[in-house]
Every structure is written in structure tokens, then in C-alpha cells.
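A structural walkthrough
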Amino acid sequence: MMPHPLSLPGVAARPRRASLALSAGSAALAILGLAPLVLDNPFLLATGALILLNVIGAVSLHLIIRTGHISLAHAGFMGVGAYACALSVLRFDLPPAIGLGIGAAAAGALALLVGPVLLRLTGKYFVLVTFLLGEIIRLVLVEWQSVTGGASGLSNLPPLNAAWTSPLAQYYVALAAAALTVLLCVRLLLSETGRAIDAVREAPQLTECTGVRGLPLKVGVFVLGCALAGVQGGLLAFFMRYIDPSTFGMAESLNLVVMNVVGGMYNVVGPILGAVFLVALPELLRGYVEIQRILFGVALIVVMAAFPAGIAGLAGWFGGRRAQGKTA
């Protein structure tokens, strides 16, 4: 008798793990919330806000990866959100908060338009087509000068709120946005829908036989992930007060993928740890300007070679070692 796809290894519900994740998440949120009160340093606050914004992008891409697809167009959707948000404020004088919603909606609408076509592809074909899509989006942002400002970008953007211009305020805004994003993704992945997402990745044909429609599910996750990327783009625009197409190129999409790979591709904690590692490490290496990229590359290779399951896999490794110690 064939197993039900929702009972496949790694797909079944794990209430104890969910409870531990909630406790750990609450503790981490409390620490992050209190840290600025102890480390009142503008540079550290700005770096912390940048890490938290990247957490939004990495976790939103993680949702798409959980369906079995690795997108190289995620930064492009971030750019769509950023430009839609900026233009709605600059051209139509809308409040920044509404502009942020418009940016998320624009990125999600584009994902809804292309998703049903893209998500019929698998493996290297999906990766290559999303690579092309990301480049098309970037070229549109560069060439449509009358709207996007071309390579010069858009400047003189207003802050999200006149009272939220300090590094401390931006840190807390980024923390709130990242926390809500992670909470939403964790809640989704721990639900029946989340188990269906994992089942579609692990056994797509078997899952279809049980009545779970794979393509609509993938499209829905793709739209949600891209809309969250649009939120990251909008927040980045308001924090930096300036955007240009180079911010949303292929390098940024690859960074988001690497964050998931380094942290752990099939654990929601993975992209969070990956974002911290990939954003914080270059900042720590700023004192070695001449060999900064070399040191960063070596550190990245060492981490990926030492932890093939990602940094998040360390917990499972330590758990296995402890279990072996008890049985020895």
C-alpha cells in the first residue's frame, strides 16, 4: 500500500518541533528587541536593519524553494516592488504606507501573471527562465528612463514616516517587518497547506492522486513569496531614500539563494541564519579591504563544505551525536 504523501518523511506534522520553534523564536525576538538598548551604535543598527531586510527576502524565497523551485528572479520582483512603491509616492503623492502596499501588490501581480507559465517548468529549465526574467526586469528598469529614471534611478524619496528616520527607528521597523514575515511563513509551513507544499516537492505525482492540485498551490506560494520580496524592496527604498536598477540585479538574487543554501534549504531557520552570515561577514571583514572578497569567499567555501545541510543542520548533527553518546 502506497503511503499518503502528507505522511512522507519530513512532511508529517511535528507539534513538539513547532513548540520548540515558537519558544526559540520568542526568545530570539526578545533578544533582538532589547539589543539596541545595549548596543546603541548607529553602524551596528544600520547593519542590523540591513540583515533584517535580507531576512525578509531570504525567507520569502525559502517559500518558493520549498515547492521545489529555485528562482533567480527574486531580486527582480524586489525591484518591481521598490519602484512601484517609490513611483506611487513621488508621482501620485500617496502616503508611504499605502505605497508599500502597492509595491507588494505590484510584485505579487507580476508573479501571478508569469507564475502559471514558469511553474510548469522544473529543474534547470526553471532556473534559466527565471534568470532571463530577472534580467528582463532589470533592463526594463534601466531603459524606461521616463518612468524609472534609467540607470540614475530615483532619488529624494521620503521616509516611511517622518518620525522614523533614525537608525534605531529603522532597525525596529525592519525587525517588525521581518518578524511578521517569518511568523507568516512559519504558520503557513506548519499548517496543512505547508505539509501539502512539502508533499508536492517530495512526491508531486502521488500528491496529485490525493486531490492536491500542485500547480495552483505552487502559483499561490510563488505570488506570496514575490509579494513579500516587494515589501523588502519598498522598505529598502524608504530606508535608503534612493534606488537604482543595480540594486536589484542578478548578484542580489544569487545572494538570496546562497543565504538559503548556507543556512539550510529545507528549514525555515536556514535563510535567517544565512542572511545573518552573508550580510554580517563582509562588514566584519571591512578592515581587510584588499583581501576582503578573498576572505569572504574562503569562509563561504569552508562553511558550505563543513555543513552540507546548512548551518541549521548543526542542530540535527548535535542531536545525532548526543543520541549516539547515550546509546554507546
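1. Regarding the overall build of the protein chain
From N to C terminus, the protein chain includes 14 helices and zero strands. Starting at the N terminus, the α and β elements of the protein chain follow one another as α-α-α-α-α-α-α-α-α-α-α-α-α-α. Considering the protein chain as a whole, with its 328 residues, one finds that 46% of them fall into the buried category. Across the protein chain, the fraction of contacts at a sequence separation of at least 24, relative to all contacts at a separation of at least 6, is 78%. As displayed, the protein chain offers around 16600 Å² of accessible surface, 69% of which is attributable to carbon and sulfur atoms.

2. A look at the nonpolar core
Residues Phe 77, Phe 222, Leu 235, Ile 243 and Phe 277 are the most contacted members of the largest nonpolar core, which totals 82 residues. Sequence-distant contacts of Leu 235, defined by excluding residues within four places in its chain, comprise Leu 53, Ile 56, Leu 100, Leu 160, Val 173 and Ala 177.

3. Brief notes about the side chain of Arg 66
Looking at where Arg 66 falls in the secondary structure, it is placed in helix α2 (residues 42-66). In this view, Arg 66 contacts Leu 189, Ile 197, Asp 198, Arg 201, Met 265, Tyr 266, Asn 267 and Val 268; residues no more than four positions away in its chain are not counted.

4. Quick look at the packing of α2 against helix α7 (residues 167-189)
Two numbers describe a pair of packed helices, the interaxial angle and the distance between the axes. At a minimum axis distance of 8 Å, the contact between α2 and α7 shows a crossing angle of 20 degrees. In terms of orientation, α2 and α7 fall into the roughly parallel class. Of the two elements, α2 crosses α7, and the hand of that crossing is left-handed. When the residues that make up the contact of α2 with α7 are grouped by side-chain class, the tally is 20 nonpolar, four polar and one charged.

5. Quick notes on helix α10 (residues 214-240)
If you check α10, its first and last C-alpha atoms are 39 Å apart, about what 27 residues at 1.5 Å a residue would give, namely 39 Å. Across the 27 residues of α10, 21 count as buried, placing the element largely inside the fold. Looking one or two places after α10, you find Arg 241, whose phi comes out positive at around 65 degrees.

6. With respect to the environment of Thr 130
In this structure, Thr 130 sits in helix α5 (residues 123-143). With 60 residues separating them in the primary sequence, Thr 130 and Ile 70 have C-alpha atoms 8.6 Å apart. Beyond its immediate stretch of four places on either side in the chain, Thr 130 contacts Ile 70, Ser 71, Leu 72, Ala 73 and Leu 118. Looking at Thr 130, its side chain comes within polar contact range of the main-chain oxygen of Phe 126, at 2.9 Å. There is a polar contact of 2.8 Å between the side chain of Thr 130 and the backbone oxygen of Val 127.

7. Focus on a nonpolar patch on the surface
A cluster of nonpolar side chains, namely Leu 34, Leu 37, Val 38, Leu 39, Phe 43 and Leu 44, defines an oily patch on the protein surface of about 640 Å² accessible area. Of all the elements in the fold, those that place two or more residues in the nonpolar patch are α1 (15-38) and α2. When residues of the nonpolar patch are assigned to their parent elements, the largest contribution, three residues, is made by α1. Looking at the element boundaries, Leu 39 is found in the loop between α1 and α2.

8. Brief notes about the pattern of salt bridges
Inspection of the entire model under this criterion finds five salt bridges. By sharing partners, the salt bridges in this structure join Arg 66, Asp 198, Arg 201 and Glu 202 into a single network.

9. Considerations on the confidence of the model for the protein chain
Across the protein chain, pLDDT averages 83, with 83% of residues at or above 70. Taken as a whole, residues 7-14 scores under 50 in pLDDT and shows 15 contacts with residues more than four places along the chain or in a different chain. Residue range residues 319-328 is modelled with pLDDT below 50. Its contacts to residues more than four positions away, or to other chains, number zero contacts.

Calculation notes
- Residues numbered from 1 in each chain as written.
- Predicted model: local features only at pLDDT ≥ 70, side-chain atom pairs only at ≥ 80, totals over all residues.
- Heavy atoms only, no water.
- Helix = DSSP H or I, 4+ residues; strand = E, 2+ residues; numbered from the N terminus.
- Buried < 20%, exposed > 50% of the residue type's maximum accessible area, 1.4 Å probe, protein only.
- Contact = heavy atoms within 4.5 Å.
- Areas by Shrake-Rupley, 256 points an atom, 1.4 Å probe, with all protein chains shown as cover.
- Core = buried A, V, L, I, M, F, W, Y, C linked by side-chain atoms within 4.5 Å.
- Axes fitted to C-alpha atoms, helices over the stretch in contact; angles between N-to-C directions.
- Parallel < 35°, antiparallel > 145°, perpendicular 65-115°, else oblique.
- Left-handed = near helix turned anticlockwise from the far one by under 90°.
- Nonpolar A, V, L, I, M, F, W, Y, C, P; charged D, E, K, R; others polar.
- Expected span 1.5 Å × (residues − 1).
- Polar contact = N/O pair within 3.5 Å; in protein donor to acceptor, adjacent residues only side chain to side chain.
- Patch = residues over 30% accessible without salt bridge, like charges linked within 9 Å, V, L, I, M, F, W, Y side chains within 5 Å.
- Salt bridge = Lys/Arg side-chain N within 4 Å of Asp/Glu carboxyl O.
- pLDDT = per-residue confidence, 0-100.

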